[in-house]
Amino acid sequence: MRRRSFAGATVVVSGAGGGLGRALALSFASAGARLVLLDRDEATATRVAGEIAAFGREAALVCHCDVTDEAACDAAVAAAEARFGRIDVLVNNAGITHRSAFEATRSDVLRRVMDVNLFGAVNLTRAALPALKRRHGLIVVISSVAGYTPLLARTGYAASKHALHGLFSSLRTELAADGVGVMLACPSFTATDIDRHALGATGEPATHAQVVIGRRLSPQAVADRIVHAAARNRRLVLIGRTAHVAWWLHRLAPALYERLMSRRMRAEMR
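Residues numbered from 1 in each chain as written. Predicted model: local features only at pLDDT ≥ 70, side-chain atom pairs only at ≥ 80, totals over all residues. Heavy atoms only, no water.

> What is the right way to look at the pattern of salt bridges in this model?
Two side chains bearing opposite charge may form a pair once their charged atoms approach each other closely. What the rule picks out here adds up to 6 salt bridges. Between Arg 134 and Glu 81 there is a salt bridge whose closest N-O contact spans 2.6 Å. A residue pair is termed long-range when its members are at least 10 positions apart, and Arg 134 in helix 4 (residues 107-134) and Glu 81 in helix 3 (residues 70-84) qualify at 53 residues. Given the relative accessible area of 55%, Arg 134 is considered exposed. One continuous salt-bridge network, built from bridges that share partners, spans Arg 86, Asp 88 and Arg 135. (Salt bridge = Lys/Arg side-chain N within 4 Å of Asp/Glu carboxyl O. Helix = DSSP H or I, 4+ residues; strand = E, 2+ residues; numbered from the N terminus. Buried < 20%, exposed > 50% of the residue type's maximum accessible area, 1.4 Å probe, protein only.)

Right, here's the structure in full:
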């Protein structure tokens, strides 16, 4: 398949107000794309739009959007089409996590994580799908190492990311005849606020120290890798040494992987 060009393309990014979402918006803008920035915090997305405008790109459209709200997703997609007339790429980036042992974690915390990470992507993809089919577009799903391996103290987060793989891998087969691509991106630990804003066992912010395996990746380096892979129509991209080691070790020696991961992450259970 030929490479995709993002020059003049319309790219919708959820969770675009900071962290990896901001970096993805800047990276796609550098590739010549027009951006639609979705975030619950409209002020942060507006600041990102200002950064895009500062280096001479077309002004981005900013939409207040909680991805768990189907009507808000429908409205954001309608606004994007009204402004730019098309949607070429959808980036399902919005997400949250928790850091707590399953036994202590309330069910509503797990539901909240699933609602944002899985059903938020469902809501936005469903809203954008007709436009993407018209453009033979691309759906980019931001997953994680937790999308294909277990991760201690993040059972709900791992469940949501595993579910994304099952859903979007299956959707890829449904959309093949329509020329719509699906790419799953799995970075290892990245220096964003997702873990600093993690939920605790009862829904309060987690305050215990976070454990990181490997070197934290910079959001911009991760974003640049994702855009590079998207241009090449990759189906799956693993980003960072930890992501690659975890992929192979869990497949070749799953019990060893679980022992090593548990030993490193044990402090998260305290």
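> How should the pairing of strand 4 (residues 89-92) be read in this particular structure?
The side chains of a regular strand alternate, residue by residue, between the two faces of the sheet. Residues of strand 4 alternate between two faces, with Val 89 and Val 91 on one and Leu 90 and Asn 92 on the opposite face, all of them buried. Bridge count between strand 4 and strand 5 (residues 138-142): 4 bridges; the pairing is parallel. What sits directly across from Val 91, in strand 5, is Val 140. One crossover worth recording links strand 4 to the parallel strand 5 by way of helix 4, and it is right-handed. (Pairing = 2+ DSSP bridges. Right-handed = clockwise from strand over helix to strand, strands pointing away.)

> What exactly am I supposed to notice about the sheet that holds strand 5 here?
Strand pairs in the sheet, formed through backbone hydrogen bonds, run parallel or antiparallel to each other. Within the open sheet, the 7 strands sit side by side as 3-2-1-4-5-6-7. Their pairing is parallel. Looking along the sheet, the strands with just one partner apiece sit at the ends: strand 3 (61-64) and strand 7 (236-239). Taken over all neighbouring pairs, the strand axes of this sheet differ in orientation by 15 degrees on average, direction set aside. Bridge analysis of strand 2 (residues 34-39) against strand 3 gives 4 bridges, and the strand direction is parallel. (Axes fitted to C-alpha atoms, helices over the stretch in contact; angles between N-to-C directions.)

> Please explain the side chain of Thr 105 as it appears in this structure.
Structurally, Thr 105 is set in the loop between strand 4 and helix 4. A polar contact of 2.7 Å, which involves the side chain of Thr 105, links it to the side chain of Ser 100. Dropping the residues within four chain positions of it, Thr 105 is found in contact with His 98, Ser 100, Leu 110 and Ala 201. (Polar contact = N/O pair within 3.5 Å; in protein donor to acceptor, adjacent residues only side chain to side chain. Contact = heavy atoms within 4.5 Å.)

> It is not clear to me how the nonpolar core should be interpreted in this structure. Could you clarify?
The tendency in soluble globular proteins is for nonpolar side chains to be buried side by side. Ranked by size, the top nonpolar core spans 36 residues in total, and within it Phe 28, Leu 35, Leu 37, Ile 52, Val 91, Met 183 and Ile 226 carry the most contacts. In this structure, Leu 37 is in contact with Val 13, Ala 16, Ala 25, Ala 45, Val 48, Ala 49, Ile 52, Ala 60, Leu 61, Val 62 and Cys 63, ignoring residues within four places of it in sequence. Counting residues in hydrophobic clusters, the runner-up holds 34 residues, among them Phe 84, Leu 124, Val 141 and Phe 168. (Core = buried A, V, L, I, M, F, W, Y, C linked by side-chain atoms within 4.5 Å.)

> What am I meant to see in unusual backbone geometry here?
Most of the time, phi is negative for any residue but glycine, and the peptide bond is trans. Positive phi is not limited to glycine here, since Ala 153 has a value of about 65 degrees. Relative to the helices and strands, Ala 153 resides in the loop between strand 5 and helix 5 (155-175). Taking the relative accessible area as the measure of exposure, Ala 153 reaches 4% and is therefore buried. Of note, the phi angle at Asn 233 is positive, near 60 degrees, even though the residue is not glycine. With respect to the helices and strands, the residue Asn 233 is situated in the loop between helix 6 (219-231) and strand 7.

> Explain the packing of helix 1 (residues 19-30) against helix 2 (residues 42-54) here, please?
Pairs of packed helices are described in terms of their axes, by the angle between the two and the distance that separates them. At a minimum axis separation of 10 Å, helix 1 and helix 2 run at an interaxial angle of 25 degrees. Accordingly, the angle class assigned to the pair helix 1 and helix 2 is roughly parallel. Every pair of crossing elements has a handedness; the one defined by helix 1 and helix 2 is right-handed. Residues Arg 22, Ala 25, Leu 26 and Ala 29 of helix 1 lie in contact with helix 2, whose contacting residues are Val 48, Glu 51 and Ile 52. Its residues assigned to classes, the contact of helix 1 with helix 2 shows 5 nonpolar, no polar and 2 charged. (Parallel < 35°, antiparallel > 145°, perpendicular 65-115°, else oblique. Left-handed = near helix turned anticlockwise from the far one by under 90°. Nonpolar A, V, L, I, M, F, W, Y, C, P; charged D, E, K, R; others polar.)

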